[in-house]
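Summary of the model geometry
Here is what each chain is made of, one letter per residue.
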There are 2 protein chains.
Amino acid sequence: MSEPLRFRVRVMRKAGLADPEGATTTKALRDLGYTEVAAVHFGRDIVVELQGDDAASAEARVHEMCERLLANPVIEDFTVERL
Amino acid sequence: MSEPLRFRVRVMRKAGLADPEGATTTKALRDLGYTEVAAVHFGRDIVVELQGDDAASAEARVHEMCERLLANPVIEDFTVERL
């Protein structure tokens, strides 16, 4: 069997939406003495490995997986990158 | 005030450790018909913005933030990249 194709999916909250995890972490870092921290933004980094030989069609399938399951298109943006 | 320095921190589980979120997602994708999915690995993608002019010392501080707060060095690895 050939090596699987690997893609990195990065899912982040759309700009302008509240990011409570980021806000909490910013405060925690400042409380630890890192007062130079201006902001922290959290996202998910997902690596998907799939069998297949056709990288272009695999990438299209990964986009579809993002829309259907991996991301919430209402509040999140995503990018897909071949590794 | 100058533009903040931005760094991307990627936190992932150390190789060989169980990744229940990845395993559950792999199964969910296969159940949706994406039977070519071999594995899914979840990590966190964190963007840290800080005030400062010295990128090298800012990057060293971000490494320290990872060790102290952003990652769990017992079970996770991390990388820091300037954006």
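Residues numbered from 1 in each chain as written. Chains lettered and ligands numbered in written order. Predicted model: local features only at pLDDT ≥ 70, side-chain atom pairs only at ≥ 80, totals over all residues. Heavy atoms only, no water.

For the rest of this paragraph, the subject is the packing of helix H1 (residues 20–31) of chain A against helix H2 (residues 55–70) of chain B. At a minimum axis separation of 11 Å, H1 of chain A and H2 of chain B run at an interaxial angle of 105°. By the angle between their directions, the pair H1 of chain A and H2 of chain B is classed as roughly perpendicular. Contacts between H1 of chain A and H2 of chain B pair Thr-25, Ala-28 and Leu-29 of chain A from the former with Met-65, Leu-69 and Leu-70 of chain B from the latter. Class assignment for the residues of the contact of H1 of chain A with H2 of chain B results in 5 nonpolar, 1 polar and no charged. (Axes fitted to C-alpha atoms, helices over the stretch in contact; angles between N-to-C directions. Helix = DSSP H or I, 4+ residues; strand = E, 2+ residues; numbered from the N terminus. Parallel < 35°, antiparallel > 145°, perpendicular 65-115°, else oblique. Contact = heavy atoms within 4.5 Å. Nonpolar A, V, L, I, M, F, W, Y, C, P; charged D, E, K, R; others polar.)

This part takes up the confidence of the model for chain A. Caution applies to low-pLDDT parts of the model: their predicted coordinates are not meant to be read in detail. Summing up the model confidence of chain A, the mean pLDDT is 94 and the portion of residues at 70 or higher is 99%. Listed scores for the predicted complex are pTM 0.89 and ipTM 0.88. (pLDDT = per-residue confidence, 0-100.)

This paragraph deals with the interface of chain B and chain A. Taken together, the 30 residues of chain B in the interface contact 30 residues of chain A. With both sides pooled, the region where chain B packs onto chain A buries about 3,000 Å², and carbon together with sulfur makes up 58% of that total. For chain B, the biggest contributors to the area lost against chain A are Tyr-34, Glu-36 and Asp-45 of chain B; these three give 20% of the whole. The interface formed by chain B and chain A includes 4 salt bridges. Of all the secondary-structure elements, those providing two or more residues to the side of chain B that touches chain A are strand S1 (5–13), helix H1 (20–31), strand S2 (37–50) and H2 of chain B. When residues of the side of chain B that touches chain A are assigned to their parent elements, the largest contribution, 14 residues, is made by S2 of chain B. In terms of residue class, the side of chain B that touches chain A is made up of 16 nonpolar, 5 polar and 9 charged. Taken together, the 13 bridges between strand S2 (residues 37–50) of chain A and S2 of chain B define a ladder with antiparallel strand orientation. Within the sheet, the bridge partner assigned to Asp-45 of chain A lies in S2 of chain B and is Gly-43 of chain B. (Buried area = accessible area lost by both parts, 1.4 Å probe. Salt bridge = Lys/Arg side-chain N within 4 Å of Asp/Glu carboxyl O. Pairing = 2+ DSSP bridges.)

All names here are of chain A. Within the element layout of this structure, Glu-76 appears in strand S3 (residues 76–82). In this structure the side chain of Glu-76 is engaged in a polar contact, spanning 2.7 Å, whose partner is the backbone nitrogen of Asn-72. Those residues in contact with Glu-76, other than ones at most four positions away along the chain, are Val-11, Met-12, Arg-13, Lys-14, Arg-44 and Ala-71. (Polar contact = N/O pair within 3.5 Å; in protein donor to acceptor, adjacent residues only side chain to side chain.)

Sheets are built from strands that pair by backbone hydrogen bonding, the pairs being arranged parallel or antiparallel. Taken in spatial order, the 6 strands of this open sheet run S3(A)-S1(A)-S2(A)-S2(B)-S1(B)-S3(B), and their pairing is antiparallel. Looking at the sheet topology across the chains shown, the edges are occupied by S3 of chain A together with strand S3 (76–82) of chain B. Strand after strand, the sheet turns through a mean of 25° between neighbouring axes, direction not considered. As judged from the 8 bridges shared by S1 of chain B and S2 of chain B, these two strands associate in the antiparallel manner. Across the sheet, residue Leu-5 of chain B finds its bridge partner in S2 of chain B, namely Leu-50 of chain B. Contacts between H1 of chain B and the sheet are confined to S1 and S2 of chain B, with S2 of chain B contributing the most and set at about 125° to the helix.

Moving on: the relation of the copies chain B and chain A. Once turned by 180° and shifted 0.0 Å along the axis, chain B lies on chain A with an RMSD of 0.0 Å. Accordingly, the operation relating the two chain copies is best matched by a two-fold axis. Here 100% of the interface residues in chain B have copies in chain A that are interface residues too; the copies meet face to matching face. (Least-squares fit on C-alpha atoms with pLDDT ≥ 70 in both.)

For H2 of chain B, which comprises 16 residues, the first-to-last C-alpha distance of 19 Å sits more than 12% below the rise-based estimate of 22 Å (1.5 Å per residue). When H2 of chain B is considered as a whole, its buried residues turn out to be Ala-55, Ala-58, Val-62, Met-65, Cys-66 and Leu-70 of chain B. Of the surrounding elements, those touching the buried residues of H2 of chain B are H1 and S2 of chain A together with S1, S2 and S3 of chain B. Of the residues flanking the start of H2 of chain B, the one acting as N-cap is Asp-54 of chain B, its side-chain oxygen 3.1 Å from the backbone nitrogen of Ala-56 of chain B. (Expected span 1.5 Å × (residues − 1). Buried < 20%, exposed > 50% of the residue type's maximum accessible area, 1.4 Å probe, protein only.)

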